[in-house]
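Residue-level listing of the chains:
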Amino acid sequence: MTVPFSIPTTDLDYCLEQLLDHKPPKILPPETIQQLCHTLKTQLLSAPNIMQLQSPISVVGDIHGQYHDLLEIFQIGGSPPDTNYLFLGDYVDRGYYSVETISLLIALKLRYPDRIYLIRGNHESRTITTNYGFYTEVLTKYNGSSEVWTYFTDLFDYLPLGATIDGKIFAAHGGLSPSCQQLDQIRALDRFREIPHDGIMADLVWSDPDTEIMDFKLSPRGAGYLFGLDVINKFCHDNDLVQMIRAHQLCNEGYTSYWKGKCLTVWSAPNYCYRCGNKASVLEILHSNYGSKEQQRSNTEEDIIEDDGNFLSYEDYENRFNSLKVRQRQGVLAGQFFNVFEASPENNEDTSQGKSVNGINSNENFTGNGDFFSSFFQERPAKQYVEYFL
Amino acid sequence: MSNPENKGKEDGHVGTGTTPDHSKSSKIFARPNQPRLPRAGIEAVHVNQAREMVRLHTSGRLPSGQASGSVPHPHVSSTSSQFTATSNITRTSGIPQHPSLISKTTTTTTRTSSSIMSSSFPSTSSNRHNNHKGASVSVPAIAHDGECNNPSCEHCGGVIIPAPQASFPIEDRPSITINDWSIYTVKKPILNSQELDDLSEHRFDFPLPEMIFGNNFVRIINDKTGEEIEFNALDALDSLDPDCKFKVSYHEEWLASRKSKSSNSSEKSEKALKENSTKDISTFTENLDTLKPYDWTYSPNYKGHVKNLTFHKSTQPIPIQKLLKPDPILFFDESILFEDELADNGISMLSTKIRVMPTCLLLLCRFFLRIDNVIFRIRDTRVFIDFETNQILREYKEQEFPYDELLTIVTSNKNNNDPKKLLRDINWVAQNIPVISTVTESNIKD
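Residues numbered from 1 in each chain as written. Chains lettered and ligands numbered in written order. Predicted model: local features only at pLDDT ≥ 70, side-chain atom pairs only at ≥ 80, totals over all residues.

### Topic: the overall build of chain A
When you go through chain A residue by residue, the secondary structure sums to 15 helices and 14 strands. In chain A, which comprises 390 residues, the proportion classed as buried is 55%. Residue pairs in contact within chain A that sit at least 24 positions apart in sequence constitute 73% of those at least 6 positions apart. (Helix = DSSP H or I, 4+ residues; strand = E, 2+ residues; numbered from the N terminus. Buried ≥ 20, exposed ≤ 12 C-beta atoms within 10 Å, placed from the backbone. Contact = placed C-beta atoms within 7 Å.)

Structure below.
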């Protein structure tokens, strides 16, 4: 192999510039993608299945190819390398910019390896990406060649499966598995493979918490698990954890707190699929000193403050990590804050162009015939959209 | 497999914050305040010209009060007529040519027929709003309650959806009255957790679809007789079967491996954990209950919610010829009622489309189900109303086809290197799978 094991910083900066400084972003050529993926694979080989990370860090949920909303996250949450990020997977499929999104994340990971961490979601898989749009998007953007898709999906096999933050918080894409009681069981997995249909690896990216049940329950659709409070309590107790953070489930508010913050869902794709109108969030974790005296004192002082509704004032935002009011409303632990945001202007543009009002990834219709007028008509907002359907 | 490399890296974290301090942010991510200079070349010039034309064109479509003052009106009309020719061509080619209602809606209609309202029908632009081939039209509907941001177009009288000043997320409530009939639609974001909690507490005892647009609806009312038909997500979810015979494609495999492996792995893990875990781990993996069964495919048996209206079986089909006429569309809206991705095993989606012409309207409420490697299912409810006779026709049609067979058909075309793309195209699937049953009803006895 003559491919070098590291890429010069200047080259990485050039890749970032291609993606960030152009509108629409310029996609990277296949050879570049190949090299980026190869280099990252060699680096990920030595990464453990569960990475050990430290606060402060911002945790990001599903992005699903909503590239401009990812940039929005960097706007509101601070940009790398000034802010540490843990991404919980599901970078591709459904949105129109999966290629740009995953390219940017890979370039960032290579450029700032100690600031950006990526773990695997259920969409980082070959079968899922052929069913949900990423494969099609690659064909469209790379002249009908699936080469780049192969590079990306091969890389996906190397992504770690989870992370711990300060040793107290466990983060994964989906949830817990009935076959796994100890984090060490995850650490011992051979993860360098396609996500299987069953077993710990599958459950980590697929399962969901459910407040109505106890124990694990089989999902009625015939595969996958739901887990209840006793499961997460036992898992936390046995592994000396206080909390699980995961993504995987859409919620209108952009986040969900289960069991008073024992389990959090963070969702980072606003106006999901360009039609849901939902908010999104990133979870900012400042520290994990839940028991410190100072913390307890400030808790009692603030107990008096009453929650006056939904509006977060500037003062609230300034004190967001200390305000009990904010913490109670969001259902998070001390030192945590869901930074909620809405869709980027570009997302709104794509929405109003009616790209996906009633279908999934209908972007193929937009490549058009390539003549001048087709591009003109595509520029029109969706107001005129009428259809002589039967 | 525990991490040797991370220890060293931890040092790097000290002193870094999650504070959104923009001044510190790297320049790469700063949104440029000023647009970068366009690269010299024909492309940029053309695009800018196109943008300018779009701007003129769209501002001409606003109601006169809102039309931007800087744009002189004559200019606007000249731009729109300039494009009339082009869009007319698109329109005619976009109309489905085949007379069969059942399966021949061409896929291309989706985009090509989306001709601009104001320019599609130059002949009608001379008509006033209130006079479309003798029909009496009012926008918003006569009984519209509250504010309405969806005016009718100056040129063609079509209702502008989404509203010109719509902000995101879109919350539109357009309406129109034609003769005796009023049509209302509402589009809002997915339900929030509060609304979902209320629903699962009081109305539904099964896990709800991932995305419920529970505030969306389409309602058609006859203002004189009070006849009413409405489509909304919650009523549709009330009509589900209690159970579902389908399982995901890898169900058997999954079940089998769970039985054998789980006991295996629990032995292994017990060894590994030794004294660590006193609990019998096999209790975790065996005898797991399934949730109370429900139709996880969310296939509704739903023909709409009716009031003051009785339907009788009818032999009369929906008059295709009338619908194939290129009458102006005064009101077109589509929305999703609910959608679930079946945990990435396919898609389940209920959506509505409505188009209102001067003499009639057509509403399509379509349920589409794809379980990957298992089945396709479509359940269509069409409502046709003739504004002249006040007859309502309702057609309910079911289609089903095994996934593998359709995939075989698609892959048999060797030029197609992305066969699954077609399988995601709802219109294409609807035209290419067989009909199981069709029932037509009318409010007037045959």
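There's more to say after this.
### Observations concerning the nonpolar core
Val59(A) and Leu86(A) are the most contacted members of the largest nonpolar core, which totals 179 residues. With 10 residues, the top contributor of residues to this core is strand β11 (residues 360–371) of chain B. Apart from residues no more than four positions distant in its own chain, Val59(A) is found in contact with Leu86(A), Leu88(A), Ala171(A), Ile245(A), Val266(A), Val282(A), Leu283(A) and Ile285(A). (Core = buried A, V, L, I, M, F, W, Y, C linked by C-beta atoms within 7 Å.)

### Observations regarding the sheet that holds strand β8 (residues 312–313) of chain B
All names here are of chain B. Pairing is antiparallel across the open sheet formed by eight strands, whose spatial order is β4-β9-β10-β11-β12-β13-β14-β8. One side of each edge strand has no neighbouring strand; the edge strands of this open sheet are β4 (211–212) and β8. Examined bridge by bridge, β11 and strand β12 (residues 375–386) share 12 bridges and lie antiparallel to one another. Looking at the pairing, cysteine 365 lines up with threonine 381 of β12. Packed onto the sheet, helix α11 (residues 403–411) meets β11, β12 and β13 (392–402) and runs at close to 80° relative to β13. (Pairing = 2+ DSSP bridges. Axes fitted to C-alpha atoms, helices over the stretch in contact; angles between N-to-C directions.)

### Describing the packing of helix α2 (residues 30–44) of chain A against helix α7 (residues 147–156) of chain A
Residues and elements named next belong to chain A. Between α2 and α7, the shortest axis-to-axis distance is 9 Å and the interhelical angle comes to 10°. Judged by the angle between their axes, α2 and α7 are roughly parallel. Along its contact with α2, which presents Pro30, Ile33, Gln34, Cys37, Leu40 and Lys41, the element α7 presents Glu147, Val148, Tyr151, Phe152, Asp154 and Leu155. Taken together, the residues of the contact of α2 with α7 sort by class into eight nonpolar, one polar and three charged. (Parallel < 35°, antiparallel > 145°, perpendicular 65-115°, else oblique. Nonpolar A, V, L, I, M, F, W, Y, C, P; charged D, E, K, R; others polar.)

### Brief notes about the sheet that holds strand β12 (residues 263–266) of chain A
Residues and elements named next belong to chain A. Reading across from one edge, β1-β5-β6-β10-β12-β11 is the order of the six strands in this open sheet, with mixed pairing throughout. The open sheet terminates on both sides in strands that have one partner only, identified here as β1 (50–53) and β11 (255–258). Across the sheet, the axes of successive neighbouring strands diverge by a mean angle of 20°, strand direction being ignored. Across four bridges, the pairing between β11 and β12 is antiparallel.

### Examining the confidence of the model for chain B
Residue and element names in this part refer to chain B. In the predicted model, chain B carries a mean pLDDT of 71, and the fraction of residues at 70 or more is 61%. Overall, residues 1–27 carries pLDDT values under 50, and its contacts beyond four positions in sequence, including any with other chains, amount to 42 contacts. Note that residues 34–45 has pLDDT below 50 and, in this model, two contacts with residues that lie over four places away or in other chains. Overall fold confidence (pTM) sits at 0.75, and the ipTM for the predicted complex is 0.80. (pLDDT = per-residue confidence, 0-100.)

### With respect to α7(A)
Residue and element names in this part refer to chain A. Of all 10 residues in α7, seven are buried, a share of seventy percent or more. Listing the buried residues of α7 in full gives Val148, Trp149, Tyr151, Phe152, Thr153, Leu155 and Phe156. Tucked into the core, α7 has its buried residues touching α2, α4 (98–111), α5 (126–131) and α6 (134–141).

### Observations regarding the environment of Pro29(A)
All names here are of chain A. With respect to the secondary-structure elements, proline 29 resides in the loop between α1 (9–20) and α2. The exposed category is assigned to proline 29, around which 12 C-beta atoms lie within 10 Å. Distance in space between the C-alpha atoms of proline 29 and histidine 68 is 20 Å, their sequence separation being 39 residues.

### A closer look at the environment of His305(B)
Residues and elements named next belong to chain B. Within the secondary structure layout, histidine 305 lies in strand β7 (residues 305–307). For histidine 305 and leucine 237, which are 68 residues apart along the polypeptide, the C-alpha to C-alpha distance reads 12 Å. When neighbours within four sequence positions are excluded, histidine 305 is seen to be in contact with Glu230 and Asp235.

### Some remarks on unusual backbone geometry
Each neighbour pair has its own omega, and for Lys23(A) with Pro24(A) the value is 0°, a cis peptide bond. Secondary-structure assignment places Pro24(A) in the loop between α1 and α2. The omega angle of the peptide bond from Val139(B) to Pro140(B) is -5°, so this bond is cis rather than trans. Topologically, Pro140(B) is positioned in the loop between β1 (137–138) and β2 (175–178). Unusually for a residue other than glycine, Asp90(A) sits at a positive phi of about 55°. One can find Asp90(A) in the loop between β3 (85–87) and α4. The class for Asp90(A) is buried, based on 27 C-beta atoms found within 10 Å. Backbone geometry at Arg94(A) places phi at a positive 75°, although glycine is not the residue there. With respect to the element layout, Arg94(A) can be found in the loop between β3 and α4.

### Concerning the pairing of strand β5 (residues 217–222) of chain B
Residues and elements named next belong to chain B. Of all six residues in β5, five are buried, a share of seventy percent or more. Sheet topology note: the strand β3 (residues 181–186)/β5 ladder contains six bridges and is antiparallel. The partner of valine 186 across the bridge, within β5, is phenylalanine 217. Both β5 and strand β6 (residues 228–232) contribute to a ladder of five bridges, which runs antiparallel. Bridge assignment links arginine 219 to a residue of β6, and that residue is glutamate 230. Here β5 hands over to β6 after five residues, with glycine 226 in that stretch at a positive phi of 80°.

### Let's talk about the confidence of the model for chain A
Should pLDDT be low for a region, the predicted coordinates there are not to be read in detail. Residue and element names in this part refer to chain A. Of all residues in chain A, 83% attain a pLDDT of 70 or more, and the chain-wide mean is 85. pLDDT under 50 marks residues 301–305. Its contacts with residues more than four places away, or in other chains, come to six contacts. Every residue in residues 355–383 scores below 50 in pLDDT, and together they form 58 contacts with partners more than four places removed in sequence or on other chains.

### Description of the environment of Gly199(A)
Residues and elements named next belong to chain A. Relative to the helices and strands, glycine 199 is located in the loop between α8 (183–187) and α9 (200–206). Exposure remark for glycine 199: the 19 C-beta atoms within 10 Å place this residue in the partly exposed category. Along the primary structure glycine 199 and serine 179 are separated by 20 residues, whereas in three dimensions their C-alpha atoms are 6.9 Å apart.

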